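# A closer look at the structure
Spelled out, the chains give:
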Number of protein chains: 2
Amino acid sequence: MPNPSPDNTKLRSPEEGDTRVRLLHAAGEEFSRVGFRAANVRDICKNAGANVAAVKYHFGSKEALYRTAWEHAAREMVTAEPMPTLGPDDDPAVVLADFMAWFLRLVLNENRDHPCAGGMLAHETVEPSGGLDVFVEHVAGPIHAELRRIVGAVLGKPGSRKLTDDLTNAVIALCVNPKHSHAILDRLGHRPPNEPAAIDRMARRLAAFALHGLIGLARDEHKESR
Amino acid sequence: MPNPSPDNTKLRSPEEGDTRVRLLHAAGEEFSRVGFRAANVRDICKNAGANVAAVKYHFGSKEALYRTAWEHAAREMVTAEPMPTLGPDDDPAVVLADFMAWFLRLVLNENRDHPCAGGMLAHETVEPSGGLDVFVEHVAGPIHAELRRIVGAVLGKPGSRKLTDDLTNAVIALCVNPKHSHAILDRLGHRPPNEPAAIDRMARRLAAFALHGLIGLARDEHKESR
DNA sequence: AATGTTTTCAAACACACGTTTAATTTATCG
DNA sequence: CGATAAATTAAACGTGTGTTTGAAAACATT
C-alpha cells in the first residue's frame, strides 16, 4: 500500500504531512491558475519544495490530488462567511441585497479565504473533469436553492416556475459575470473591483438594479393576469 | 518558403486549398470543443482527412492554425446577423429589447452560423492564449460600445461613467451567463434553451427585467440628486 | 514529354509530462 | 542501539504530441 496517510481530505494535526499540506497549497494555486490539464506536476512539486514522486506517495496520482484540492477549495468557500438566509420575518428586498453583496464578495474577493476555488471553478466550468460535481453539490446547489427562495419572496405571489428560475439565474449572472468575464472586461478597460469597499458599492448597485427588475416584472405579470 | 497560399484568412474560390479549408473546419470544431491546449493536431488532421504535416505546410504551426481559426470564427460571429443599433429617432427601450434578443441568439444559437466561436471564446476566457485580442477587437468591443450607448439612452440624463459601465456589464451578464454557466445549470436541472422560440421568450423576460432595473435606478439617482 | 512547382505522405524526431522504481534518509519504538 | 516502518530522493520509463524530414505524388507550364 503506497499511501500510508489514509485520511480523507484535511490535515489532522498541524504537523502531519507537512509536505502533504504544502503540496495541497501549491496544487490549489496551480490548478486555479491554469486548470487541471495544463497544470504541471513538476511545477507543483517545485513550488511545494517536494519531490516529483511525492504526489504519488501522498495522493496516488495527479487526478487524486486534483480531487482533494477541490474538496479543500469547496469547503473553504462554504465556511469562509455564512450565507445570508431568508427568515420568516425578514424583508425579502433587504435579504436579497445582503445576499448579493455576500455572493459578490465570495466571487470577487479571491485573495483571502478561498484563494483557489474561483479559478478552479472557472476552469472546471469550461472543461469539466469531475470537480464540478463536488462543487455543485456543496456550493452551487445550496446557493441556488436559497437565492431562489429569496427571489420568489421578492416576486410575491407564486408566479410561474420558469420565470422564477430565469430570474434567479439572472441575479446569479449579475454577481458571477464580473469574475467570469474578467479577461474581456480587462481588455475593455473595465477592471472589476477587488477592494471590499468597491465591491460593496458595486453590490449595492447591482442589488438595486435587480430589485427594480424583479418587482417591476412582478407588477407586469400581475397586470397581465387580471 | 513553406506556405505558398499566402492569403490572409478566408478561402478565395470554393476550390482553393481544399484540405486547407477542411483543416480549418475541423480545427474550429476541436478548438471549440476542448480549447487550444487540449486540442490534438493528429485528431484535427484525422477529422479533416489530411496528413499530420498538413498543418505545418498550410499554416505553419498549431498556434498559427488556432489564430486563423479564430479570425474565421470572429468574422462569422459578426456577419451572421447584423447588430441592432440605436438611431436618433428610436425608442431606447425597444432597441434595448431587440439588442438583448439579438445578443442572446448570438450566444446561445451555437449550431447555426458560427458553430465554433462560442466554445472557443469560453475556453479563451479562462485560458487566454492570444485569440482573445482578436475577439475583443472585432466582436466584444463593438458590442460593448453600442450597448453602452443604448443603456445610456435608456438611463436618460448623463449619469456617472461608472454607473453606466456597471449597468452595461450587467445587461451583458444577463445575456452571456446562460452560456457561461451552462455546465452548472445543467447539473442543477435548468438547461438553457436552444430553439429560437424559447430563446426569444427568455430574451423578452430578461429585457423586461433589465428595463425595469435601468429606469428604476435612473429614477433613484434622479431623486437622490435633487 | 520534360521540367519545375505545389501538395501529400509515412516515418521519425524531440521534448514535455505523468508515473514508477529502487535506493537512501529520516522517524518510530522496543 | 538496532530494527522496522515512513518519507524522500534522483533517475529512468513510457507515452502523448507538436514538429520536421525527405521522398513520392499530383499538378502546372513550356
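Residues numbered from 1 in each chain as written. Chains lettered and ligands numbered in written order. Predicted model: local features only at pLDDT ≥ 70, side-chain atom pairs only at ≥ 80, totals over all residues.

## What about the overall build of chain A?
To keep things clear, this is the line we draw: Each helix is a run of H or I in the DSSP string that is no shorter than four residues. Each strand is a run of E no shorter than two, and both are numbered from the N terminus. We call two residues in contact when the distance between their C-beta atoms, placed using the backbone, is within 7 Å.
Secondary structure summary: chain A contains ten helices and zero strands in total. Seen in sequence order, chain A has helices and strands lined up from the N terminus as α-α-α-α-α-α-α-α-α-α. Taking the principal axes of the C-alpha coordinates as reference, chain A spans close to 70 × 40 × 30 Å. The long-range share in chain A, meaning contacts at least 24 apart out of those at least 6 apart in sequence, stands at 71%.

## With respect to the nonpolar core
As a reminder, the rule being used: Here, a nonpolar core denotes buried Ala, Val, Leu, Ile, Met, Phe, Trp, Tyr and Cys residues that are linked to one another through C-beta atoms within 7 Å. Exposure criterion: with C-beta atoms placed from backbone coordinates, a residue whose C-beta has 20 or more other C-beta atoms within 10 Å is buried, one with 12 or fewer is exposed, and one in between is partly exposed.
Of all hydrophobic cores here, the largest spans 132 residues; its most connected members are A:Met100 and B:Met100. If we ignore the near neighbours within four places in the chain, the residues touching B:Met100 are B:Val171, B:Cys175, B:Ala203, B:Leu206, B:Ala207 and B:Ala210.

## Here we look at the protein's contact with DNA strand D
The line we're drawing: We count a residue as near a molecule or strand when its backbone-placed C-beta atom lies within 6 Å of that partner.
With respect to spatial proximity, 19 residues lie near DNA strand D, and among them A:Asn51, A:Ala53, B:Val41, B:Ser61 and B:Lys62 are the closest. Secondary structure elements with two or more residues in the surface near DNA strand D: helix H1 (18-38) and helix H3 (54-58) of chain A together with helix H2 (41-48), helix H3 (53-58) and helix H4 (62-80) of chain B.

## Some thoughts on the protein's contact with DNA strand C
To keep things clear, this is the line we draw: When residues are sorted by character, Ala, Val, Leu, Ile, Met, Phe, Trp, Tyr, Cys and Pro go into the nonpolar class, Asp, Glu, Lys and Arg into the charged class, and all the rest, Gly among them, into the polar class.
Taken together, 19 residues lie around DNA strand C, and A:Val41, A:Ser61, A:Lys62, B:Thr19 and B:Ala53 are the ones closest in. Those elements giving two or more residues to the surface near DNA strand C turn out to be helix H2 (41-48) and helix H4 (62-79) of chain A together with helix H1 (18-38) and H3 of chain B. The greatest single-element share of the surface near DNA strand C, amounting to three residues, is contributed by H3(B). Taken together, the residues that form the surface near DNA strand C break down as nine nonpolar, five polar and five charged.

## Quick notes on helix H7 (residues 131-155) of chain A
All names here are of chain A. Stated precisely, the cut-off is as follows: Any helix carries an expected span of 1.5 Å times its number of residues minus one. Fitting axes to the seven residues ending at a residue and to the seven starting there, one defines the bend at that residue as the angle between these axes.
The end-to-end C-alpha distance of H7, which contains 25 residues, comes to 34 Å, matching closely the 36 Å that a straight helix rising 1.5 Å per residue would cover. The sharpest bend along H7 reaches about 45° and sits at Glu 137. Trailing H7 by a residue or two, Gly 156 shows a phi angle of about 85°, which is positive.

## Considering the packing of helix H6 (residues 117-126) of chain A against helix H6 (residues 117-126) of chain B
Short version of the rule: Axis definition: a line fitted to C-alpha atoms, limited for helices to the stretch in contact. Angles are taken between N-to-C directions and run from 0 to 180 degrees. Here the word oblique covers every angle except those under 35 degrees (roughly parallel), over 145 (roughly antiparallel) and from 65 to 115 (roughly perpendicular). Helix crossings fall into two classes, left-handed where the near helix is turned counterclockwise from the far one by less than a right angle and right-handed where it is turned clockwise.
Running from N to C, H6(A) and H6(B) point in directions that differ by 160°, and their axes come no closer than 9 Å. Taken together, H6(A) and H6(B) sit at an angle that is classed as roughly antiparallel. The two elements H6(A) and H6(B) cross, and the hand of that crossing is left-handed. Judged by residue contacts, A:Ala122, A:His123 and A:Val126 of H6(A) engage B:Ala122, B:His123 and B:Val126 from H6(B).

## With respect to the relation of the copies chain A and chain B
Under the convention used in this document: Least-squares fitting of one copy onto the other uses the C-alpha atoms of those residues that reach a pLDDT of at least 70 in both copies.
Expressed as a screw operation, the relation of chain A to chain B combines 0.0 Å of axial shift with a rotation of 180°, fitting to an RMSD of 0.2 Å. In short, the pair behaves as if placed about a two-fold rotation axis. Considering only C-alpha atoms, the part of chain A nearest the rotation axis is A:Gly213, at 2.1 Å. The overlap is high: 100% of the interface residues of chain A also sit at the interface in chain B, so the same surface is used on both sides.

## Notes on the interface of chain A and chain B
The partner chain B presents 44 residues to the 44 residues of chain A that form the contact. In the side of chain A that touches chain B, the residues fall into 24 nonpolar, 13 polar and seven charged.

## Thoughts on the environment of B:Leu108
Residue and element names in this part refer to chain B. Positionally, Leu 108 belongs in helix H5 (residues 92-108). C-alpha separation for the pair Leu 108 and Ile 199, spaced 91 residues apart in sequence, amounts to 7.7 Å. Not counting the four nearest positions on each side in its chain, Leu 108 is found in contact with Pro 178, Lys 179, Pro 192, Pro 193, Asn 194 and Ile 199.

## Points about the packing of H1(B) against H4(B)
All names here are of chain B. As a packed pair, H1 and H4 sit with axes 10 Å apart at the nearest point and diverge in direction by 95°. Judged on the interaxial angle alone, H4 and H1 are roughly perpendicular. In this structure, H1 contributes Leu 24, Ala 27, Gly 28, Phe 31 and Phe 36 to the contact, and H4 contributes Leu 65, Tyr 66, Thr 68, Ala 69, His 72 and Ala 73. Class assignment for the residues of the contact of H1 with H4 results in eight nonpolar, three polar and no charged.

## Some points on the confidence of the model for chain A
Here is the rule we go by: pLDDT measures the predictor's confidence residue by residue and takes values from 0 up to 100.
A residue-level look at chain A finds 91% of positions with pLDDT of 70 or above and a mean pLDDT of 87. Contacts for the low-pLDDT stretch residues 1-16 of chain A, under 50 throughout, to residues beyond four places or in other chains number 15 contacts.

## What to know about H1(B)
Count 3.6 residues to each turn of an α-helix, and residues three or four apart come out pointing the same way. Residues and elements named next belong to chain B. The terminal C-alpha atoms of H1 lie 25 Å apart, and with 21 residues this falls more than 12% below the ideal 30 Å at 1.5 Å per residue. Of all the bends found along H1, the most pronounced is centred on Ser 32 and spans about 85°. Burial in H1 covers these residues: Arg 20, Leu 23, Leu 24, Ala 26, Ala 27, Gly 28, Glu 30, Phe 31, Ser 32, Gly 35 and Phe 36.

## Some remarks on the environment of A:Arg37
For A:Arg37, the location among the structural elements is in helix H1. Each residue touching A:Arg37, except ones within four places of it in the same chain, is listed here: A:Glu127, B:Arg37 and B:Ala38.

## Details of the environment of B:Glu127
Relative to the assigned elements, B:Glu127 resides in the loop between H6 and helix H7 (131-155). Of the residues examined, B:Glu127 has 22 C-beta atoms within 10 Å and is grouped as buried. Taking the C-alpha atoms as reference points, B:Glu127 and B:Gly35, 92 residues apart in sequence, are found 8.5 Å from one another. Aside from chain neighbours lying at most four places away, what touches B:Glu127 is A:Val34, A:Gly35, A:Ala38, B:Gly35 and B:Arg37.

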